[in-house]
Amino acid sequence: MKFTLPIILVAVTAGLMTLALFGAGHSSGTVGIAAGSAVFSTKASTPEQGLNNLLADVQRRNWDRAYSALSTTSAGDRQSFIQDWTGSDGSLRSFSSLEGFQARPLHATNDDAQMRVRLHWTTPVGPIEDVRDFHLIREANTWKVAWPKMQISSVPAQIIPVTYLRWDLVSGSGSDEWGSKNVDAPHVRIISMNAVDSAEGAVVMGEVVNEDTIPAFVNVNAALVDGAGKAIDDESSFDKIDHVLLPKQVTPYRIDFPNINLKNVKNVRMDVKATLVPASADPVIGVMNQKVVSDVQGKSILQGDLMNESGQTVNIPHVIASFYDNNGKVIWVSDGYVNRALLPQSGQPFAVEIPKSLAGKVQSFHVVVNQYSLGRS
Amino acid sequence: MRRLLPICTAICLSTLCAAQDMHAPASAIAGEEATISTNGSGKATFYLLGPGVSRKSDVSLGSEVQLKAQDLQNAGEYFAVLCSDTCRSSSFYVTAAKPAGLTFLVHPSRVPVGQGDAVSGVALPFDQFRNLVLTPETVNFHLLEGTASVFSRSSQTRDGIAWFRTASQKSAGTLQVDASLGDLSARRAVQQVASDPCNLRIKGERTKAGILVQTEPVRDCAGNPVPDGTIVSFTATDGNGRSTVDAPIKQGVARAQLEAPGATVISVASGVAMGNELRIGAQP
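All of these numbers come straight from a predicted model, not from anything done at the bench.

### As for the overall build of chain A
At step 1: Looking only at helices and strands, one finds six helices and 19 strands in chain A.
At step 2: Per-residue burial over chain A gives 44% buried out of 377 residues.
At step 3: For chain A, long-range pairs separated by at least 24 residues make up 65% of all intrachain contacts whose partners lie at least 6 apart in sequence.
At step 4: On chain A, roughly 19400 Å² of surface is accessible, and the fraction owed to carbon and sulfur atoms is 54%.

Set out below in structure tokens:
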């Protein structure tokens, strides 16, 4: 009897190990690798093998072999090739790793091929998918990637005068007398709210304005309540909001309730919290050439260019966009992180997705840029 | 608990038995000594119960019981119990001493100009032992903009509270709010800030880098400069799409660089206030 439990434990452990060994290859969470893409072939006799070899080396950060295996027609130098994959200037890409990929051919002839690859990155802000087209050329019976010349932002040495504007928070000193140290919290207001069902669950979204003359750190919370007055779930806007709002600034917010259907919801309780924070009015980031278009995969996206009009590097730009219907109602809020750092006086493209079901209803949009800079809170 | 039981019992018994007598003062002042006179002869035990005080002592009947100043620091109702063969009790009230401090609450700390009943203040006098002074006292409220007096009112405390309410002034700046009671005073500051921008107007011109657009000095409807840091949103629409820049006001003016090579319409907004539209021709 006393050996029964250990025997069961050993048997279960062995069973789980067997499952792990034979089941991992079929896991949907590692799609790119499961497609056999991380396996290096000594000779790339097909375009798929040529591309797999490159991406396998990129995953392993084997830059020497990856660069030497590029086509002779490649235009970029080794440094820009590596920088394209590893990022620079504290950008999001420099904190990311290529977890997997899925490739499919677009067209192929005997001597060249075009492949489209979904690159799956792990990043500090969650998994990010990137779609990229590769051109492959057959050279001496080996398929190699023709690496294009990359446009890498560079900033000339210069002095950019900035009238530095900043709010500091001073706690009152002196007596501890009641009422002598009170500074009111910033006055912020939810100016719109809309709740919709999406494929992933219920979504509550809208916009918040800072009506005060001082900066505010803002967070929006929502609680879903059923017909009996019982709370079903409560969530916060987390990173789907521009938390630091300068005076009169408006930000979209979105609160996701996974696996909840609005038909079970009777009421939504909204709560916006604002606290006084030290803040800076720099950097100013312009959002240029905003357009709703279809991307190469046929998805509706809002694309544009971010332009850093200040003198400091923005390491991780974060774009949040609200979309309105013809009545001016917010019907969706999308966000997306930009992989590359935004150098002073330079730009970077961005794109955020619009759900297919809503793309036809979008009449207008509003984009705000949240920014994370190393060494600044 | 063990100590309170005989005291409570004594209070209860005192209503039934009355072999000796005592005379407590009708009222006393916090922090001042008081006496209780007793009748009879022999020894007795004296109990004093009050807010934050519980004291027992042996006394001689027929003499006065001295209540020390430190036993009467808290305002409120006190019980005196005298026990010999039987017990006798009496109660008296200790009122707050003269005001020694003024607590002053002013709300809000920031207020837009020209708002009715937007500034309020409450003053509460306390004595040196932090007892709320409930006897009516006259508090003077005085509001100053710079050196100019804009509001003055005397108000009597009622149940220990005096208050005022008034409108914010027309000019942005610090509003000094004073409350005084005798030689006591307290000072607070209310920041009066500009209201929403009014008559927001922009001008712009093409430069090598695009269109440089800037506002005229941004002011509210009363002519106060809107504080630096307030966000002004510029939107340029041309054939290539829409470009927006949220620029903060710096030194009274917001400016932005917009990329729009074609014929462009530029609009401006700050919060809920809209400005004029500007039409700029295509880049030559």
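### A closer look at the overall build of chain B
At step 1: When helices and strands are tallied, chain B shows one helix and 26 strands.
At step 2: A principal-axis box enclosing the C-alpha atoms of chain B has dimensions of 115 × 45 × 25 Å.
At step 3: Within chain B, contacts between residues separated by at least 24 positions form 55% of all contacts whose residues are at least 6 apart in sequence.
At step 4: With an accessible surface of roughly 14100 Å², chain B has 50% of that area assigned to carbon and sulfur atoms.
At step 5: Of the charged side chains in chain B, 25 are positive and 24 negative, and the gap between their average positions amounts to 5 Å.

### A word on the state of the cysteines
Working definition: the covalent bond between the sulfur atoms of two cysteines is a disulfide.
All names here are of chain B.
At step 1: By the definition in use, this model includes two disulfides over all chains.
At step 2: Residue pairing for Cys83: its cysteine sulfur links by disulfide to Cys87, the two sulfurs lying 2.0 Å apart. On the sign convention where negative means left-handed, the S-S torsion of about 115 degrees between Cys83 and Cys87 marks this disulfide as right-handed.
At step 3: One disulfide in the model links Cys198 with Cys221; its S-S distance is 2.1 Å. Taking the sign of the S-S torsion, about 80 degrees here, the bridge from Cys198 to Cys221 comes out right-handed. Here Cys221 lies in the loop between strand S20 (219–220) and strand S21 (231–238) and Cys198 lies in strand S17 (residues 197–198), a separation of 23 residues in the sequence.

### Digging into the domain arrangement of chain B
At step 1: Partitioning chain B into domains gives domain 1 (4–95), domain 2 (101–193) and domain 3 (197–280).
At step 2: Domain 1 of chain B and domain 3 of chain B are separated by 78 Å when their C-alpha centres are compared.

### A closer look at the interface of chain B and chain A
At step 1: With 37 residues of chain B at the interface, the matching set in chain A holds 36 residues.
At step 2: Carbon and sulfur atoms make up 50% of the surface buried where chain B meets chain A, a total of about 2900 Å² over both sides.
At step 3: If you sort the residues of chain B by the area they bury against chain A, Arg110, Arg242 and Lys250 of chain B come out on top, with a joint share of 23%.
At step 4: The interface formed by chain B and chain A contains three salt bridges.
At step 5: We note a salt bridge from Arg110 of chain B to Asp212 of chain A, for which the minimum N-O separation is 2.7 Å.

### Topic: the pattern of salt bridges
At step 1: Enumeration over the complete set of coordinates arrives at 20 salt bridges over all chains.
At step 2: Between Asp111 of chain A and Arg138 of chain A there is a salt bridge, with its nearest N and O atoms 3.4 Å apart. Here Arg138 of chain A lies in strand S3 (residues 128–139) and Asp111 of chain A lies in the loop between strand S1 (97–108) and strand S2 (112–122), a separation of 27 residues in the sequence.
At step 3: Accessibility expressed as a relative area gives 45% for Asp111 of chain A, which makes it partly exposed.
At step 4: Residues Asp178 of chain B and Arg187 of chain B are paired through a salt bridge, measuring 3.0 Å at the closest nitrogen-oxygen approach.
At step 5: A cluster of three or more residues bridged by salt bridges with shared partners is formed by Asp84, Arg132 and Arg340 of chain A.

### What about the sheet that holds strand S9 (residues 101–107) of chain B?
One key point about sheets: their strands pair by backbone hydrogen bonds, in either a parallel or an antiparallel sense.
Residue and element names in this part refer to chain B.
At step 1: Read across the sheet, three strands follow the order S9-S11-S14 without closing on themselves; strand pairing throughout is antiparallel. Here the strands that pair on one side only, and so sit at the sheet edges, are S9 and strand S14 (162–166). Pairwise comparison of adjacent strand axes, ignoring direction, gives a mean angle of 15 degrees for this sheet.
At step 2: Relative to strand S11 (residues 119–126), S9 runs antiparallel, the two sharing seven bridges. Bridging from a neighbouring strand, Thr103 pairs with Leu124 of S11.

### Some words on helix H3 (residues 47–60) of chain A
Residues and elements named next belong to chain A.
At step 1: The terminal C-alpha atoms of H3 lie 20 Å apart, and with 14 residues this matches the ideal 20 Å at 1.5 Å per residue to within 8%.
At step 2: Among the 14 residues that make up H3, 10 are buried, leaving the element largely enclosed by the rest of the structure.
At step 3: Positioned one or two residues after H3, Arg61 has a phi angle of 60 degrees, which is positive.

Definitions and limits used
Residues numbered from 1 in each chain as written. Chains lettered and ligands numbered in written order. Predicted model: local features only at pLDDT ≥ 70, side-chain atom pairs only at ≥ 80, totals over all residues. Heavy atoms only, no water. Helix = DSSP H or I, 4+ residues; strand = E, 2+ residues; numbered from the N terminus. Buried < 20%, exposed > 50% of the residue type's maximum accessible area, 1.4 Å probe, protein only. Contact = heavy atoms within 4.5 Å. Areas by Shrake-Rupley, 256 points an atom, 1.4 Å probe, with all protein chains shown as cover. Lys, Arg positive; Asp, Glu negative; His and termini not counted. Charge placed at Lys NZ, Arg CZ, Asp CG, Glu CD. Disulfide = S-S within 2.5 Å. Domains from an automatic or database assignment. Buried area = accessible area lost by both parts, 1.4 Å probe. Salt bridge = Lys/Arg side-chain N within 4 Å of Asp/Glu carboxyl O. Pairing = 2+ DSSP bridges. Axes fitted to C-alpha atoms, helices over the stretch in contact; angles between N-to-C directions. Expected span 1.5 Å × (residues − 1).

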